[in-house]
Amino acid sequence: MGEPFLEVTYAKPLKATDGFSSANLIDVGSFGFVYKGFLDQLGLTARIKVLKLQQHKASKSFIAECKALRSIRHRNIVKILSVCSSIDFTGNDFKALIFYYMPNGSLDTWLHPNEEQHNSTHLNFMQRLNVAIDVASALDYLHHHCEAPVVHCDLKPSNVLLDEDMVAHVGDFGLARIFSKDVEYGMGGEVSTYGDMYSYGILLLEMFTGKRPTDDIFKDNLNLHQLVKMAFPKRVIEIIDHLLLLQGNENISSNEDYSEMRSKMHECLLSLVRIGISYSVEAPKERSEMRDVMLELQGVGDFYLGVNKYKAKQKVPLSVEGPSYISNY
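None of these values were measured; they are calculated from a predicted model.

Thresholds, definitions, all that
- Residues numbered from 1 in each chain as written.
- Predicted model: local features only at pLDDT ≥ 70, side-chain atom pairs only at ≥ 80, totals over all residues.
- Heavy atoms only, no water.
- Helix = DSSP H or I, 4+ residues; strand = E, 2+ residues; numbered from the N terminus.
- Buried < 20%, exposed > 50% of the residue type's maximum accessible area, 1.4 Å probe, protein only.
- Contact = heavy atoms within 4.5 Å.
- Salt bridge = Lys/Arg side-chain N within 4 Å of Asp/Glu carboxyl O.
- Core = buried A, V, L, I, M, F, W, Y, C linked by side-chain atoms within 4.5 Å.
- Pairing = 2+ DSSP bridges.
- Axes fitted to C-alpha atoms, helices over the stretch in contact; angles between N-to-C directions.
- Left-handed = near helix turned anticlockwise from the far one by under 90°.
- Nonpolar A, V, L, I, M, F, W, Y, C, P; charged D, E, K, R; others polar.
- Phe/Tyr/Trp six-rings, centres within 6.5 Å; stacked < 30°, edge-to-face > 60°.
- Lys NZ or Arg CZ within 6 Å of the ring centre and 35° of its normal.
- Arc of directions from axis to C-beta.
- Polar contact = N/O pair within 3.5 Å; in protein donor to acceptor, adjacent residues only side chain to side chain.

1. Considerations on the overall build of the protein chain
Phase 1 of the analysis: Scanning the protein chain for helices and strands turns up 10 helices and 9 strands.
Phase 2 of the analysis: Buried residues in the protein chain amount to 51% of all 329 residues.
Phase 3 of the analysis: Within the protein chain, counting contacts between residues at least 6 apart in sequence, those at least 24 apart form 65% of the total.

In structure tokens:
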């Protein structure tokens, strides 16, 4: 792994999770259960992913995640503490990955809070924008700054984790692939970075509409991309997450300030939706690279906060008809 890692036997995660208690279960994925546990050896709380080895391809997922994580270091990618490849007390194989714990959970729980969380758990505009920038930064690193390109292959809100400062970290590399060069994928072909870019576009649309791509409204060939594209640009506000539109109203001192805030947010949302649409188009090679979207996202933030330094930035071309709103400021 390139550096000394904590040696972990089966007994350690067993104890840390109180015998893999359901009270410590924080997530269930295709290939594993994720627990919160306290590791005495390090004196810290960890996120412990226990593989469901009876599940087909779970062992392959474990190996893929180890290969991907052993050589990547980035502030917006989950940091691994150790791995455990051992046997349990009955002689069965046991494999687990141990990560730093993210106290604010996954992006999914913030975008789609349950009934108990609904009144207290939601992200404001700048928090969502910062998460979008964090995830774009992680993907840009994986695609362009690793020794060999790493394709995540499973980007979605449940795999984006938030730390105590609400900084986003991309996690779950169980389906990741490492390549020496790109080959097209996303529409039934082989794996390449184009697929991650598509997933990022859908993630962006989900973040600002509050709608899952699997919502019941999407049937009869209607999907999230098509819904948003039909509303763009004149009816965008109709499909924006209503919680996002309500945020910050209590701090508005006058009707004029409120009108200015809503106008500014509307301009920003138009740019964000346009980016999301452009990244989720069917033709893979029509999607821009992550480094381009990072410039636009930062420009959106500057405009919203009243920063003028983005005024002279070059317009980034995107393959959706309509004006590039932020580039005009």
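2. Points about the side chain of Asp241
Phase 1 of the analysis: Counting through the fold element by element, Asp241 comes out in the loop between α7 (236-239) and α8 (242-246).
Phase 2 of the analysis: Its relative accessible area of 8% is what places Asp241 among the buried residues.
Phase 3 of the analysis: Beyond its immediate sequence surroundings of up to four residues, Asp241 is in contact with Arg128, Phe208, Thr209 and Gly210.

3. A few points about the pattern of salt bridges
Phase 1 of the analysis: Considering all chains together, one arrives at 11 salt bridges under this definition.
Phase 2 of the analysis: Lys49 serves as the salt-bridge partner of Asp172, at 3.1 Å between the closest nitrogen and oxygen. You can see Asp172 sitting in the loop between β8 (168-170) and β9 (177-178) and its partner Lys49 sitting in strand β3 (residues 44-51), a full 123 residues away along the chain.
Phase 3 of the analysis: By relative accessible area, which is 9% here, Lys49 ends up buried.
Phase 4 of the analysis: Here Glu289 ties to Arg291 by a salt bridge, and the two come within 3.3 Å at their closest N and O atoms.
Phase 5 of the analysis: For Arg291, a relative accessible area of 40% gives the class partly exposed.

4. Here's the deal with unusual backbone geometry
Backbone geometry follows two general trends: most residues other than glycine have a negative phi, and most peptide bonds adopt the trans configuration.
Phase 1 of the analysis: Between Phe232 and the following residue, Pro233, the backbone shows a cis peptide bond with an omega angle of 0°.
Phase 2 of the analysis: Its place among the elements puts Pro233 in the loop between α6 (224-231) and α7.
Phase 3 of the analysis: One non-glycine residue, Asp220, lies in the positive phi region at around 55°.
Phase 4 of the analysis: Checked against the element boundaries, Asp220 lands in the loop between α5 (193-209) and α6.

5. Observations concerning the nonpolar core
General note: in soluble globular proteins, nonpolar side chains tend to be found buried as a group.
Phase 1 of the analysis: Counting residues in hydrophobic clusters, the biggest one holds 78 residues, and the most contacted among them are Ile72, Phe125, Val135, Leu142, Phe173, Tyr200 and Leu297.
Phase 2 of the analysis: Residue contributions to this core peak at 12 residues, all from helix α4 (residues 125-144).
Phase 3 of the analysis: When neighbours within four sequence positions are excluded, Tyr200 is seen to be in contact with Ala132, Ile133, Val135, Ala136, Leu139, Leu155, Tyr279, Met290, Val293 and Leu297.
Phase 4 of the analysis: Grouped together as the second largest cluster of nonpolar side chains are 15 residues, Leu6, Leu39, Val50 and Ala96 included.

6. Structural notes on the sheet that holds β3
Phase 1 of the analysis: Spatially, β1-β2-β3-β5-β4 is the arrangement adopted by the 5 strands of the open sheet, whose pairing is antiparallel. Two strands in the sheet have a free side with no partner beyond their single neighbour: β1 (25-28) and β4 (80-87). Strand-to-strand twist in this sheet, taken as the mean axis angle between neighbours without regard to direction, amounts to 25°.
Phase 2 of the analysis: For strand β2 (residues 32-39) and β3, the ladder comprises 8 bridges, and the chain directions are antiparallel. Bridging across to β3, Phe33 finds its partner in Val50.
Phase 3 of the analysis: The sheet contacts of helix α2 (residues 58-69) involve β3, β4 and β5 (93-100), and relative to β5 the element is tilted by about 35°.

7. Here we look at the packing of α5 against α6
Phase 1 of the analysis: In contact at an axis separation of 10 Å, α5 and α6 are set at 65° when each is read in the N-to-C sense. In this structure, α5 meets α6 at a crossing whose hand is left-handed. On α6, the residues that touch Ile202, Leu205, Glu206 and Thr209 of α5 are Leu224, His225 and Val228.
Phase 2 of the analysis: Partitioning the contact of α5 with α6 into residue classes produces 4 nonpolar, 2 polar and 1 charged.

8. Quick notes on the packing of aromatic side chains
Phase 1 of the analysis: Scanning the entire structure with this criterion turns up 8 aromatic pairs.
Phase 2 of the analysis: A network of ring pairs unites the aromatic residues Tyr10, Phe20, Tyr35, Phe89 and Phe94 as a single cluster.
Phase 3 of the analysis: If you follow Lys264 out to its NZ or CZ, it ends over the ring of Phe303, 5.9 Å from the centre.

9. Digging into α6
Phase 1 of the analysis: The complete set of buried residues in α6 reads Leu224, His225, Leu227, Val228 and Ala231. Burial along α6 is one-sided: seen end-on, the buried residues are contained in an arc of 165°.
Phase 2 of the analysis: Among the residues of α6, the N-terminal cap falls to Asn223, whose side-chain oxygen and the backbone nitrogen of His225 are separated by 3.2 Å.

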